[in-house]
Amino acid sequence: MNFSTYIRGIFKGLRSLAGGMSVTGKEFLTPKVTMEYPENRKTLVISDRWRSELIMPHDEQNEHACTACGICMINCPNGTIRVISASIDTEEGKKKKILDKHLWDYGSCTFCNLCVISCPSDAIVFNNDFEGAVFNRSKLVHQLNHTGSKLREKKREPLPANSEKTTDK
Amino acid sequence: MRDITHIIRQAAEDAQIEERQKLTVTVKPRQLHPVVEALYRNKELPFDYLVSLTGMDWGETLGVIYQFSSSADLTQEVVIMTATADREDPLLYSITDLYETAHLNEREVYALFGIRFINNPDMRRFLLNDQWKGFPFRKDYSHDTGLNPVTVISSEIVDVAPCIRETADGKLIEENNPVFDEEDYIVNIGPQHPSTHGVMHFRTSLDGEIVKKVDVHSGYIHRGIEKLCESMTYPQMLHLTDRLDYLSANINRHALCMCIEKAAEIEVPGRAQYIRTIMDELQRISSHLLAWACQCNDLGATTAFIYGMREREHVLDIFDKTCGGRLIVNQNVVGGIMFDIYPDFRKDVNVFIPYMRKRLKEYDDFFSHNPIALGRMKHIGYLSREDAISYGVTGPAGRASGWSCDVRKYKPYALYDRVEFNEVMRTEGDSYARYQNRLDEIAQSLHIIEQLIDNIPEGEVCAKTKPVIRLPQGQFFQSVETGKGEFGVFVESRGDKTPYRVKFRSPSLSAVSVMPLICRDAFLSDLIGIAGSMDFVIPDIDR
Amino acid sequence: MQLKTMLFYSHPLELTRILEAIDTFLRIHLSPGLATLAEGILVGLLLLATYAMIALALIYIERKVAASFQARLGPNRLGKYGVFQSFADMIKILIKEIIQIKKADKLLFYVAPFFVIVASVLAFGALPFGMNLQAIDFNIGVFYLLAVSSLGVIGILLAGWSSNNKYSMIGAMRSGAQFISYELSAGFSLMTIVVLSGTMQFSEIIEGQRYCWNLFNGHLPAMIAFLIYLISGHAETNRGPFDLPEAESELTAGYHTEYSGLQFGFFYLSEYLNMFIVAAVAATVFLGGWMPLQIKGWEAFNQAMWFIPSWVWFFGKAGLLMFFSLWVRWSFPRLRIDLLLNLEWKYLLPANLVNLLVMVVVVLSGLTLTELFPALFGN
């Protein structure tokens, strides 16, 4: 190493150091884009497809589309869903299986979406309401069908995904 | 191919050679080593790259499936199977003298299947601790939790490596070799350490600041995903692949989907192929960004870490809008993709590409020519081409050692045969070459996306599949290029709706297995820096 | 008395007046011996309080500045812009348990933080904060400062040695090597300025820079000395890119890995204070200390400058240097121990020795700015 390369090396090094500092210096003056949750709750945009909480959309008549077939339960990789059915006598006097409870465990769900895509009657969807924190684990088990709800009689157009929450966000 | 059969026949006359998805050879345990050695020493086309080593429990027999390839031409592949009927003390011959990557893989097979390998100098269990009772991946393993109770008492790590050696006259001798000298000053880097990128554990013996020896301990988050897969249907299995190398979640899942689609002969619609390719490349960008960020952070530049995260955020935003997941994206399904792109997808990606290019320039100004950074990366952690192949180090790290090993080029899948991109190669083999390779690959990925984004065809995004997917009987392989290297999926099916055995070839395992070699005689600080440059992800190793 | 009134009107915000009032008050009410004692205690308490306040402020500022460099916001939860964060942290540290380490060398483990903090308090006490705002004005001020600030390394070595932790040990050993090397450079670069000013007394050094800062007075050699002092001072404080003894990504926390609660707090405080001390010394020696900006002949301008009190000037100059130090810290990766020692022994030290010689030549041959242009810069 001769003297001139030694000196040149120093200056080259200093120049690149200055280059690095100019990058951080520029960033120092750049306004920050960090979102401050929860202050920004009103303006916060969560994407429509964000999978957060499994819900069963009910219409105004408190009717849902779940036939209690249990396909979602079978398809769930880790036993997160339990469909409890009851049988009732219809007017014609036949036995019919209806939904009693549709239980979903927030705590063990991996949000793989298999239940939603495998559901033959599009009865369940994920919504994007991500604020699901609770104080104990038992509260993580959600019952998806509302009390007193019943199966929608006629086959109607399936509700678009996340119809409940997306409109206001 | 005829040459290969010829070579195999020469080494073992009664080897059973079949043309399946790949050329499959079944040999007796005694013949294994000669056959492998003959392939390894084949002048014209040396099979010097051990892609994967899979332990198997075929019911009556226990065995191993070796998948070999040639470093010169990755399309040349041979699968060799061998098995032993002794379930009490199964013994097979080791090939660690030919392939360095076999070391950890054979130890893994021992831990999970109980097969011991003769002439492997270090036959400790990998992934499981020494006290584990039973071999969990065997089909007759008892799931009784009382067998291996959860304990809160820590047990000392015993640095003694048992080994079975075959003497010249054919006798087997059991030996115990110490891993470290008694005088060694051993420092535990991990499992709780800021720079091991997860729960990795390096037992490091130091001479002052100089690293003398590194012993890799892993398995702290071993979840037995491969075993879990055996009890799941094919669509259910998919969500576990996202949890291997979570930084390449989408690409891993793509591999498994393609493996199943190939086996079940499902045609994937063109639109889905476009979207899969674009998403894979976005995923690669995010993976490389994180690798860049972490490597800089390991070298002490915390600011760079945040800058990398800042850009990665934009990719994750696109993911999140496309498929509702950021890290675990859940995009690919058997037959196509789960979610079609959202209306603004094209716009967002077209905004991201120039933005990212600008940032790459900034990274160069900021870090790539910084004399301190150069001092910490140049000529550090040198990995030669031969070692890269022997250890099976693929991906940007392998290509930094001058080994052309891009699966996208050799075995193009999805749309990689229709887009134009360069395989980024360097020959220096040091940390800096790996560092630059990643940044250059980001640029290449942007180039690929640019070619595809405006040409996405209309149409279906998912082929119709049967409600229950069953694969025909057989063995199926698929590899893809993730951010870390070649990720392989192996599925053995017996015609059921669940697989008989699933194996994931982990690029990170190779990357970590080479650490003892490239860290020898380096400084302790460089051990961390080199680990950052190898860019391994622990859940991918521990599976 | 005439002079003092003049001082009061021309320097309205100086603290001299209050200090004198207190002094007079004490001397009226107490015997001379007791008064001196009481003043000593007061000064001591005041210094300690300032010490703690500066540390807390610096911690907050560093976190905010670092955040800005890193595209983040920094503390923003406690109070407006998170201004009370440091106080909350302090309270937390005070009430945390001090964990006893098995097989640690109890005595050494216990005293190590005191060494570190005492060294930095001793150095802090001798700083000239403003006009007449100096606890003691040694005639060998620069020498004293170098001497006491090098005490801190003993604490770090002890901490690493006694913790019975390999990370701590490695950190401490690195620190020893680093500190001793860079102490040399820091010393030499200060000596360069001592040659220029011809004194080691801070008050005289500052007075000598009334119209021309040493940085400019000694032009080339002084600037080189300034640069070297900044680098080596930065290295002495164990802050990035020279934070090898802590090296978060390598040694988790280096020499203070095993410390908790207040003991850790001592290390923490002294780290920030050392940064301040280095910046303050650089400001005093090279940038004219508390002396406001004065230009010969511009009496009105000079008087206007004096309306800004001297301690503001002092903290302003030191703050500017600290900002620079933060900027460097958050821009560069960490050096490795051999690169670090290379930098010192192959680059800084030879440069320093030559530089010292050049400075001697410059001073002897009258090439300083004050001597070249006495009309502009001479005192």
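All values derive from a computational prediction rather than experimental measurement. (Residues numbered from 1 in each chain as written. Chains lettered and ligands numbered in written order. Predicted model: local features only at pLDDT ≥ 70, side-chain atom pairs only at ≥ 80, totals over all residues.)

1. Considering the overall build of chain A
Of regular secondary structure, chain A possesses three helices and seven strands. The secondary structure elements of chain A, listed N-terminal to C-terminal, are α-β-β-α-β-β-α-β-β-β. Counting all 169 residues of chain A, 25% fall into the buried class. A separation of at least 24 residues holds for 75% of the contacts in chain A among residues at least 6 apart in sequence. (Helix = DSSP H or I, 4+ residues; strand = E, 2+ residues; numbered from the N terminus. Buried ≥ 20, exposed ≤ 12 C-beta atoms within 10 Å, placed from the backbone. Contact = placed C-beta atoms within 7 Å.)

2. A look at the nonpolar core
Counting 257 residues, the largest nonpolar core has Val35(B), Ile80(B), Met515(B), Phe276(C), Ala279(C) and Ala282(C) as the members making the most contacts within it. If you tally residues by element for this core, the top one is helix H13 (residues 261-286) of chain C, at 17 residues. Among all residues touching Met515(B), those that are not within four sequence positions of it are Phe202(B), Val214(B), Val216(B), Ala531(B) and Met534(B). Core analysis: the next-biggest nonpolar cluster, separate from the first, contains 21 residues, Met56(A), Leu99(A), Cys112(A) and Phe126(A) among them. (Core = buried A, V, L, I, M, F, W, Y, C linked by C-beta atoms within 7 Å.)

3. A word on the interface of chain C and chain B
Contacts between chain C and chain B engage 23 residues on the former and 25 residues on the latter. Contributions of two or more residues to the side of chain C that touches chain B are made by helix H8 (166-197), helix H12 (248-251) and helix H16 (337-364) of chain C. Along the lines of polarity and charge, the residues of the side of chain C that touches chain B split into 11 nonpolar, five polar and seven charged. (Nonpolar A, V, L, I, M, F, W, Y, C, P; charged D, E, K, R; others polar.)

4. Some remarks on the confidence of the model for chain A
Chain-level pLDDT for chain A is 80 on average; 90% of the residues reach the 70-or-more range. This model gives residues 163-169 of chain A a pLDDT under 50, and the stretch forms 10 contacts once residues within four places in sequence are excluded. (pLDDT = per-residue confidence, 0-100.)

5. Thoughts on the interface of chain A and chain C
Contact residues are listed per partner, giving eight residues for chain A and nine residues for chain C. Residues belonging to the side of chain A that touches chain C are distributed by class as follows: two nonpolar, four polar and two charged.

6. Observations regarding the sheet that holds strand E16 (residues 486-493) of chain B
Residues and elements named next belong to chain B. Spatially, the three strands line up as an open sheet ordered E15-E16-E17, and their pairing is antiparallel. Edge strands, defined here as strands with exactly one partner in the open sheet, are strand E15 (474-481) and strand E17 (501-505). Strand-to-strand twist of the sheet, defined as the mean angle between neighbouring strand axes without regard to direction, takes the value 10 degrees. Sheet analysis places E15 next to E16, joined by eight bridges and oriented antiparallel. Residue pairing across strands places Gly474 opposite Ser493, the latter belonging to E16. Strand contacts of helix H6 (residues 249-264): E15 and E16, with the helix running at about 145 degrees to E15, the strand carrying the most contacts. (Pairing = 2+ DSSP bridges. Axes fitted to C-alpha atoms, helices over the stretch in contact; angles between N-to-C directions.)

7. What about the sheet that holds strand E12 (residues 210-217) of chain B?
Within a beta sheet, neighbouring strands are joined by backbone hydrogen bonds and run either parallel or antiparallel to one another. Residues and elements named next belong to chain B. The strand order across the open sheet built from three strands is E10-E11-E12, with neighbouring strands paired in antiparallel fashion. Each of the sheet's edge strands pairs with one partner strand only, and the pair in question is strand E10 (185-189) and E12. Within the sheet, the average angular offset between the axes of one strand and its neighbour, ignoring direction, is 25 degrees.

8. Quick look at unusual backbone geometry
Here the residue pair Tyr37(A) and Pro38(A) is connected by a cis peptide bond, since its omega of 5 degrees sits within 30 degrees of zero. Residue placement: Pro38(A) occurs in the loop between helix H1 (3-29) and strand E1 (53-55). At Phe111(A), a residue that is not glycine, the phi angle is positive and equals roughly 55 degrees. Positionally, Phe111(A) belongs in the loop between strand E4 (95-105) and helix H3 (114-118). A positive phi is found at Ala414(B), a non-glycine position, where the angle reads about 45 degrees. Residue position: Ala414(B) is located in the loop between helix H13 (407-410) and helix H14 (431-453).

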